[in-house]
Amino acid sequence: MLEKYRNLGLSFLVVILGLFGIYLVSGISPYIMLKSIIISAFGSIYGLSETLTKSIPLMLCGLGLSLSFRSSIWNIGAEGQLLMGAIGATWIALYVMPNAPKLILIPMMFIVGAICGGIWALIPAILKVKFNLNEIIVSLMLNYIAIEFVNYLIYGPWKSPYEWGFPYSTKFPISAQLPRILDTRIHYPTLILALVLAIFIYIILYKSKLGYEIRVIGDNIDAARYAGLDIRKIIILVLILSGGLAGLAGVGEVAGIHHRLRVASGISSGYGYTAVIVAWLGRLNPFLIVFVSFLFGGLLVGGDAIQVSLGLPGATINFINGLILIFVLVQSFSKIRLYSTKKGAER
Amino acid sequence: MKDRFLAVLSVILVISLIVPTAYGIGAEKKLRVAFIYVGPIGDYGWSHAHEMARQSLIKKLPWVEFLPPAESVPEADAVRFIDRFVREEKADVVFTTSFGYMDATIEAGKKYPDKIFFHCSGYSRAKNVGTYFAELYQVYYLNGLMAGALTKTNKVGYVGAHPIPEVIRHINAFALGVQEVNPKATVDVRWLFSWYDPSKARMAAESLISDGCDVLAFTEDSPTVVTVGEEYTKKGKPVYTFGHYSPMQKYGPNSCVSGQLVHWEVIYKDILEKIRRKVYTNTNLENVDYWWLLKEKAVELGGDFGVPVNPRFITPLKGKKILDPVFGKISVYDLVMKRLSQMKANPEKFDPFTGPIKDQTGKVRIEAGRRATHDELWNMDWFVPNVIAKIPK
């Protein structure tokens, strides 16, 4: 128990020291800074709508990652899987069936986007089960390949003839654009999809045989092996699902926000990476992840505010995110240790 | 004991933080102007140049309230920053300074019809959205003249950000300069697919050097290429470079020959004064497109302000003589100065994109005696023959 409090104290101390550092450098009190973040992210209808918009890709990626992290498969490739989803959606919207009615086109974009994200995650899965390659490295590296693939498409075969040689795809037809709530940017079909999937993943994880197997593998892979579980099959399945969810996030971004394929940094401002923190902060629990995505969306939205209204450097919010990550790390390490000792005591 | 010490320390820190610092808000009615940058202000290239312009105007235009700028704004988030500036910070004018912000700026123009927006380097305009650009191709051409004179291997390198018309135009202008003084030299290109990526820029520069290039120009928002050139030059393998956007001579006193410098403040001042005098309003910007060059003093030749050529290179450039059809036998240094004054004249007495100019396949793109039109320059998607790289398709 003492251990736990010390870790908690330590992580608080890290955060406080960090904020104090910002104070020393900028002369702006963290109280004002945090107030400004919270008010701008949650204090107005506009702020809330932007926070919600930002939380959609975080939710989908975070939910996907929770499945993989729960089975101790470290998929760091949500960013690339998201981009592949965006590519799949663009392919359907512009080249496969641009004239299809909305009710067919949009579901097809989501389905193909999920398949593309899933295939992208299948690569590290197969390399892991066949050659025992580390999935962290493979999935991370595939992010860069996905970024270059997006670049290849928009500078090459998919470059629009109507954009003066700039690297954009042609704009999606109206039937491929997701509806939004009033004049906000909340593309609600993706949001509803994310919420439904959160329930679905909760059921998979905690109410199904597959979920049980995922948790056994995650907790003790040797035990899973002795129990005769088909670990390879589950690894592949988990990564496909994980990538598919990230792919859906990519579909939502291009079909709901940008309405075209553009440079990778224009589609995702690192949602796939932020979702790693989101999944851990949400303790890999689907419902908590939905909630944490909302909070984190707020942090990202509020981060603009401290730059714009307080004149802090743009990197300040990354600094705060980093502090949160350290906080989470210290906390989860203490949790893992506690968890194993408790288990030992029960036995 | 240690725990208690940590606890006490935390409490003290918390108390010292919660004491709120006061910050005042000016009450005077001024034109509120916001800037959105794509890179970090400290990138020492594009965003830095815009920020320097903004800062230099703070004193010159006391009737403008310059809001704290937003830096490192991802293209995906531009809409939200514009919204914040307009709604929360009550900005009257917003400058969006990256071509990737184009859709976001147009969208904002529709959403806030009573505000004024200016988008840098784009082509979409609206009633309340104008565009502006300080164009550097003439300066690139002048640097090309010097590069052609200084290369010993007859291989000149170019580190390019994105293969878009702007960069292609600059590479062509640079290559036309090289061609004019050194018909044997070729220009090779490495693409970064990024505006700001010092580590890729270093790899690209070193790859060009290992291919034999001994003079490098670039489009990227950091002084990396100049730094690499300086390192090689100091090691006894001279690699000469040209700065880009900000004064970079100090990063390569032995390597940086000259460069492109920009004076965004000239354009910003003009725009803001016209907004103040109601020449520009939220209803008449449909055709307002700044395309300012040497003659408008929006750009300058040099690796540092007021230093068109690094003094270290004046003698070698004066030593290299070529035969010009108009000027006769002339040193490259004098040629650069002649061309510079010709292009500073209004109207220009010379333009590098004057035909006949062919592309790599031998097709005539600009007929003899004709100057390229704005649209031709703006759309450029072909390389001149002495560029040996290909445009990614």
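Residues numbered from 1 in each chain as written. Chains lettered and ligands numbered in written order. Predicted model: local features only at pLDDT ≥ 70, side-chain atom pairs only at ≥ 80, totals over all residues. Heavy atoms only, no water.

(A) Quick peek at the overall build of chain A. In terms of regular secondary structure, chain A is built from 14 helices and zero strands. Taking the principal axes of its C-alpha atoms as reference, chain A extends roughly 65 × 60 × 30 Å. Counting the 347 residues in chain A, one finds 55% classified as buried. Surface exposure of chain A reaches about 14800 Å², of which carbon and sulfur atoms provide 71%. Of the side chains in chain A, 26 bear a positive and 14 a negative charge, and the two mean positions are spaced by 4 Å. (Helix = DSSP H or I, 4+ residues; strand = E, 2+ residues; numbered from the N terminus. Buried < 20%, exposed > 50% of the residue type's maximum accessible area, 1.4 Å probe, protein only. Areas by Shrake-Rupley, 256 points an atom, 1.4 Å probe, with all protein chains shown as cover. Lys, Arg positive; Asp, Glu negative; His and termini not counted. Charge placed at Lys NZ, Arg CZ, Asp CG, Glu CD.)

(B) Layout of a nonpolar patch on the surface. The grouping of Ile136, Ile137, Met141, Tyr144 and Tyr273 of chain A at the surface amounts to a nonpolar patch, some 450 Å² of accessible area in total. Note on placement: Tyr273 of chain A falls in helix α12 (residues 271–281). (Patch = residues over 30% accessible without salt bridge, like charges linked within 9 Å, V, L, I, M, F, W, Y side chains within 5 Å. Salt bridge = Lys/Arg side-chain N within 4 Å of Asp/Glu carboxyl O.)

(C) Quick peek at the interface of chain A and chain B. Contacts between the two partners involve 55 residues from chain A, matched on the other side by 47 residues from chain B. Counting the surface lost from both chain A and chain B, the interface buries some 4500 Å², and carbon and sulfur atoms represent 59% of this. Between Arg260 of chain A and Asp103 of chain B there is a salt bridge, and its shortest N-O distance comes to 2.4 Å. There are nine residue pairs in polar contact (both at pLDDT 80 or more) connecting chain A and chain B. Only α1 (2–26), α2 (30–42), α3 (45–70), α6 (135–155), α11 (264–267) and α13 (286–308) of chain A provide two or more residues apiece to the side of chain A that touches chain B. For the side of chain A that touches chain B, the element with the most residues is α1 of chain A, which contributes seven residues. Classifying every residue of the side of chain A that touches chain B gives 29 nonpolar, 15 polar and 11 charged. (Contact = heavy atoms within 4.5 Å. Buried area = accessible area lost by both parts, 1.4 Å probe. Polar contact = N/O pair within 3.5 Å; in protein donor to acceptor, adjacent residues only side chain to side chain. Nonpolar A, V, L, I, M, F, W, Y, C, P; charged D, E, K, R; others polar.)

(D) Expanded view of the sheet that holds strand β10 (residues 256–262) of chain B. Residues and elements named next belong to chain B. Strand order in this open sheet of six strands is β7-β6-β8-β9-β10-β12, and the pairing throughout is mixed. Each of the sheet's edge strands pairs with one partner strand only, and the pair in question is β7 (186–191) and β12 (299–301). Mean inter-strand twist for the sheet, computed between neighbouring axes without regard to direction, equals 15 degrees. Across four bridges, the pairing between strand β6 (residues 155–160) and strand β8 (residues 215–218) is parallel. Among the inter-strand pairings, Tyr158 is bridged to a residue of β8, identified as Ala217. Contacting β6, β7, β8 and β9 (240–245), helix α6 (residues 165–181) runs over the sheet at an angle of about 165 degrees to β6. (Pairing = 2+ DSSP bridges. Axes fitted to C-alpha atoms, helices over the stretch in contact; angles between N-to-C directions.)

(E) Fine view of the sheet that holds strand β3 (residues 93–96) of chain B. All names here are of chain B. Ordered in space as β2-β1-β3-β4-β5-β11, the six strands form an open sheet in which the pairing is parallel. Two strands close off the open sheet at either side, each with one partner strand: β2 (64–66) and β11 (289–292). Across the sheet, the mean angle separating the axes of adjacent strands is 20 degrees when strand polarity is ignored. Note: β3 against strand β4 (residues 116–120), four bridges, orientation parallel. Note on β4: the bridge partner recorded for Phe95 is Phe118. Sitting on the sheet, helix α2 (residues 46–60) touches β1 (31–36), β2, β4 and β5 (129–134), and the angle it makes with β2 is about 140 degrees. Against the sheet, helix α3 (residues 78–87) engages β1, β3 and β4, with an angle of about 165 degrees to β1.

(F) Representation of the pattern of salt bridges. Enumeration according to the criterion identifies 28 salt bridges over all chains in this entry. For the salt bridge of Arg370 of chain B with Glu376 of chain B, the shortest nitrogen-to-oxygen distance reads 2.9 Å. A residue is classified by how much of its surface remains accessible, and Glu376 of chain B, at 27% relative accessible area, is partly exposed. Among the charged side chains, a network of salt bridges with common partners joins Lys54 of chain A together with Asp77 and Arg80 of chain B.

(G) Layout of the packing of helix α5 (residues 102–131) of chain A against helix α10 (residues 231–258) of chain A. Residues and elements named next belong to chain A. The N-to-C vectors of α5 and α10 enclose an angle of 145 degrees; their axes lie 6 Å apart at closest approach. Along this stretch, α5 crosses α10, giving a crossing that reads as right-handed. Across from Met109, Phe110, Gly113, Ala114, Gly117, Gly118, Ala121, Leu122, Pro124, Ala125, Lys128 and Val129 in α5, the residues of α10 making contact are Arg232, Ile235, Ile236, Leu239, Ile240, Gly243, Gly244, Gly247, Leu248, Val251, Gly252 and Ala255. (Left-handed = near helix turned anticlockwise from the far one by under 90°.)

(H) Region of the structure containing the confidence of the model for chain B. Residues and elements named next belong to chain B. Per-residue confidence for chain B gives a mean pLDDT of 91; residues scoring 70 or more make up 93%. Predicted confidence is poor over residues 16–28, with pLDDT under 50, and the contacts of this stretch with residues over four places away or in other chains come to 20 contacts. Across the predicted assembly, pTM comes out at 0.79 and ipTM at 0.70. (pLDDT = per-residue confidence, 0-100.)

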